[in-house]
Amino acid sequence: MEFFLEGQYKTTRKERRRQFINTVSWVCFSILLFSVIPAVYVGIWKVAVLMAAMTICFGVGIYINLRGYVTTAGNFILFSISVLLFLYSLLLGSPAFSFLYFFPLIFAVPFFINYRNTLQLVIHIIHPTVFVLILTFVDTDFVTPIILPGDQMVFRAISLVLVITLCQFFVYEIVVSNLNSERQLQKSEAQQRVINGDLLRINQELDRFVYSISHDLKAPVASALGLVELMKDEEDMNEMRDYNQIMERNLLRLDAFIGDILDYSRNAQFEIKKDIIFLEEEINDAIQQYQFMDGATQIDVSNAIVQHSDFITDRYRLRVILNNIISNAFRYRNPQESSPWINITCNVSSDQAIIKVKDNGIGIAKEHLTHIFDMFYRASHSLPGSGLGLYIARESAIRMGGDIRVSSVPGHFTEFIVEIPNGK
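Residues numbered from 1 in each chain as written. Predicted model: local features only at pLDDT ≥ 70, side-chain atom pairs only at ≥ 80, totals over all residues. Heavy atoms only, no water.

Draft legend 1. View of the packing of helix H9 (residues 315–331) against helix H11 (residues 389–399). Relative to each other, H9 and H11 sit at 145°, their axes nearing to 9 Å. Here H9 runs over H11; the crossing is left-handed. For the pair H9 and H11, contact is made by Arg 317, Val 320, Ile 321, Asn 324, Ile 325 and Asn 328 and by Gly 389, Leu 390, Ile 392, Ala 393, Ser 396, Ala 397 and Arg 399, respectively. Of the residues contributing to the contact of H9 with H11, the split by class is seven nonpolar, four polar and two charged. (Axes fitted to C-alpha atoms, helices over the stretch in contact; angles between N-to-C directions. Helix = DSSP H or I, 4+ residues; strand = E, 2+ residues; numbered from the N terminus. Left-handed = near helix turned anticlockwise from the far one by under 90°. Contact = heavy atoms within 4.5 Å. Nonpolar A, V, L, I, M, F, W, Y, C, P; charged D, E, K, R; others polar.)

Draft legend 2. Layout of the packing of helix H8 (residues 279–289) against H9. Remark: H8 packs on H9, axes separated minimally by 9 Å, with the N-to-C direction vectors making an angle of 45°. Regarding the angle of H8 to H9, the classification is oblique. Considering only the axes of H8 and H9, their crossing is right-handed. Here H8 contributes Leu 279, Glu 282, Ile 283, Ala 286, Ile 287 and Gln 289 to the contact with H9, which in turn contributes Arg 315, Leu 318, Arg 319, Leu 322, Asn 323, Ile 326 and Phe 330. Looking at the contact of H8 with H9 residue by residue, the class counts come to eight nonpolar, two polar and three charged. (Parallel < 35°, antiparallel > 145°, perpendicular 65-115°, else oblique.)

Draft legend 3. Representation of helix H2 (residues 45–66) in the model. Taking 1.5 Å as the rise per residue, H2 with 22 residues should run 32 Å; its terminal C-alpha atoms sit 31 Å apart, in good agreement. Taken together, the buried positions of H2 are occupied by Val 47, Ala 48, Leu 50, Met 51, Met 54, Thr 55, Cys 57, Phe 58, Gly 61, Ile 62, Ile 64 and Asn 65. Where H2 terminates, the next one or two residues include Gly 68, which has phi positive at roughly 100°. (Expected span 1.5 Å × (residues − 1). Buried < 20%, exposed > 50% of the residue type's maximum accessible area, 1.4 Å probe, protein only.)

Draft legend 4. Molecular detail of the side chain of Asn 360. Relative to the helices and strands, Asn 360 resides in the loop between strand E5 (352–359) and helix H10 (366–369). Judged by relative accessible area, Asn 360 falls into the buried class, the value being 6%. From its side chain, Asn 360 meets the backbone nitrogen of Trp 341 in a polar contact 2.8 Å long. Once residues within four sequence positions are removed from consideration, Asn 360 is found in contact with Asn 334, Glu 337, Ser 339, Pro 340, Trp 341, His 412 and Phe 413. (Polar contact = N/O pair within 3.5 Å; in protein donor to acceptor, adjacent residues only side chain to side chain.)

Draft legend 5. Just the pattern of salt bridges, in detail. Taken as a whole and judged by the stated rule, the model has five salt bridges. Linking Glu 282 and Arg 315 is a salt bridge whose minimum nitrogen-to-oxygen distance equals 2.9 Å. In this pair, Glu 282 is assigned in helix H8 and Arg 315 in helix H9, connecting sequence segments 33 residues apart. As a salt-bridge pair, Arg 317 and Asp 314 come within 2.9 Å of each other at their nearest N and O atoms. Residues participating in the shared-partner salt-bridge network are Glu 282, Arg 315 and Arg 319. (Salt bridge = Lys/Arg side-chain N within 4 Å of Asp/Glu carboxyl O.)

Draft legend 6. Focus on the pairing of E5. Residues Ala 353, Ile 355, Val 357 and Asp 359 point to one face of E5 and are all buried, whereas Gln 352, Ile 354, Lys 356 and Lys 358, pointing to the other face, are not buried. One ladder, built from seven bridges, connects strand E4 (residues 341–348) with E5; its direction is antiparallel. Considered in E5, the bridge of Thr 345 is made with Lys 356. Counting the residues that bridge the hairpin from E4 to E5 gives three residues. Sheet topology note: the E5/strand E7 (residues 413–421) ladder contains eight bridges and is antiparallel. (Pairing = 2+ DSSP bridges.)

Draft legend 7. Structural context of the environment of Ala 304. Structurally, Ala 304 is set in strand E2 (residues 300–307). The class for Ala 304 is partly exposed, based on a relative accessible area of 41%. Dropping the residues within four chain positions of it, Ala 304 is found in contact with Ile 344, Thr 345 and Cys 346.

Draft legend 8. Up close: the nonpolar core. Counting residues in each nonpolar core, the largest one holds 38 residues, and the members touching the most others are Met 54, Ile 81, Tyr 88, Phe 102 and Phe 112. Taken together, the elements giving at least two residues each to this core come down to helix H1 (10–42), H2, helix H3 (70–92), helix H4 (102–112), helix H5 (118–137) and helix H6 (152–233). When residues of this core are assigned to their parent elements, the largest contribution, eleven residues, is made by H3. Setting aside chain neighbours within four positions, we find Met 54 in contact with Leu 32, Ile 81, Leu 84, Leu 85 and Tyr 88. In terms of nonpolar packing, the next biggest core, distinct from the first, is built from 34 residues, Ile 277, Phe 330, Phe 373 and Val 418 among them. (Core = buried A, V, L, I, M, F, W, Y, C linked by side-chain atoms within 4.5 Å.)

Draft legend 9. Expanded view of the sheet that holds strand E6 (residues 403–409). Across the sheet, which stays open at both edges, the five strands sit in the order E2-E4-E5-E7-E6 with mixed pairing between neighbours. What marks the edges here is a single partner per strand, and that holds for E2 and E6. Neighbour-to-neighbour, the strand axes of this sheet turn through a mean angle of 10°, independent of strand direction. The pairing of E2 with E4 spans eight bridges and is classified as parallel. When the bridges of E4 are listed, Asn 303 appears paired with Ile 344. Of the strands in this sheet, E2, E4 and E5 touch H8, which is tilted by about 165° from E2. Set on the sheet, H11 makes contact with E6 and E7; between it and E6 the angle comes to about 140°.

Draft legend 10. The arrangement of H3 in detail. When the terminal C-alpha atoms of H3 are compared, their 32 Å separation across 23 residues agrees well with the 33 Å that a helix rising 1.5 Å per residue should span. Gly 93 sits one or two residues past H3 and shows a positive phi near 90°.

Draft legend 11. Here's a closer look at the environment of Gly 74. In this fold, Gly 74 is placed in helix H3. Each residue touching Gly 74, except ones within four places of it in the same chain, is listed here: Ile 21, Phe 112 and Ile 113.

Draft legend 12. Geometry of the packing of aromatic side chains. Counted according to the given criterion, the structure contains five aromatic pairs. Ring geometry for Phe 86 and Phe 131: centres 4.6 Å apart, planes at 20°, overall stacked. Note that Phe 86 is positioned in helix H3 and Phe 131 in helix H5, a separation of 45 residues in sequence. The pair formed by Phe 86 and Phe 131 is uniform in burial state, with each residue classed as buried. With a centroid separation of 6.4 Å and 85° between ring planes, the pair formed by Phe 373 and Phe 416 is classed as edge-to-face. One end of the pair, Phe 373, is in the loop between H10 and H11; the other, Phe 416, is in strand E7, and 43 residues separate them in sequence. We note that Phe 373, like Phe 416, is buried. Feature note: the residues Phe 86, Phe 102 and Phe 131 constitute an aromatic cluster, connected by ring pairs. Positioned over the ring face of Phe 413 is Lys 358, at 4.8 Å from the centre of the ring. One cation-aromatic arrangement involves Arg 394 over Phe 373; the distance from NZ or CZ to the ring centre is 4.8 Å. (Phe/Tyr/Trp six-rings, centres within 6.5 Å; stacked < 30°, edge-to-face > 60°. Lys NZ or Arg CZ within 6 Å of the ring centre and 35° of its normal.)

Structure follows, in structure tokens:
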């Protein structure tokens, strides 16, 4: 039988049982309904009444099953048909072999009820077995068989053919159910391996995250506390101003790091939103945030934005991506370059937006290119940064169904290419 996993396949198992009961009941209902007609025509009224009763029982079972009471329908059909089949066998007599119909009925038990309910399973196996034993070993001469001796061979042949066919059908269903269960388990195991891999990756990231946070949060705080102690005994105002400037830089670094942590948390938890985006406004806003950085006024910033279609995506995550990439273009400018520039191009179609940010800054060495999107990875330790920015930017792009690529030649250029699907 089906050994589906608890929870994940519970609904599937019940639905398969409902469909099976419905199919078998309709087939039996149709056969019995047409079988009543010749019984009435020949005038075998007792058999006709029993067959009509079985037809009604299957009809009631179908109705109960369609109403969603699958277990109730299965119990009702099994018990009522078992009792009526016993009476039917008494009428035909043991030479007709009609008692053999109880064997496919027993085979059908696990398909009609919740076989995890041991009590129901035992009851529906025992009572047909008792009926078979009564018909086989108990003297039932008090009921006069309606089958003439000359017709017994015909009924035996019919019974054997139908019983063998029904048993083969249920054996086939058992094999198919087991194969389906095996496939479901294999699929579940594959999914579990993927989940375990994701959990392992998340745990590793969490370990790095906690370690880096504890270090990067503690460093500026420890520095500020040390400066506070120095300021307690300092009387020179020039020194005091220097201390304040160092504290300000440390606090700004701490504030930026906390902002990165919040971006990381929001990207991991918040659902994707669909906002109408005007990329020219978003890019200009991002540029204006960094135009007062050291040396920013010397950089020639140009942008060419082509947007002929509405662009629908998550505004918050898009801003995280633009801010991180554009800020890096300003931050990692080449001080030896006499004409520094940043070139931003964007093309929006009905399918996606492609944003390119290229600069002639210090560039990224080849050995760093494959790692710059890793959590807390920093290609240069000479400039401030948490090592989270590009990681969060790419994770945000992936959450939106896109990606970020980078190419660079140290001392010449660095180009980031962002592709984001159009949610339109």
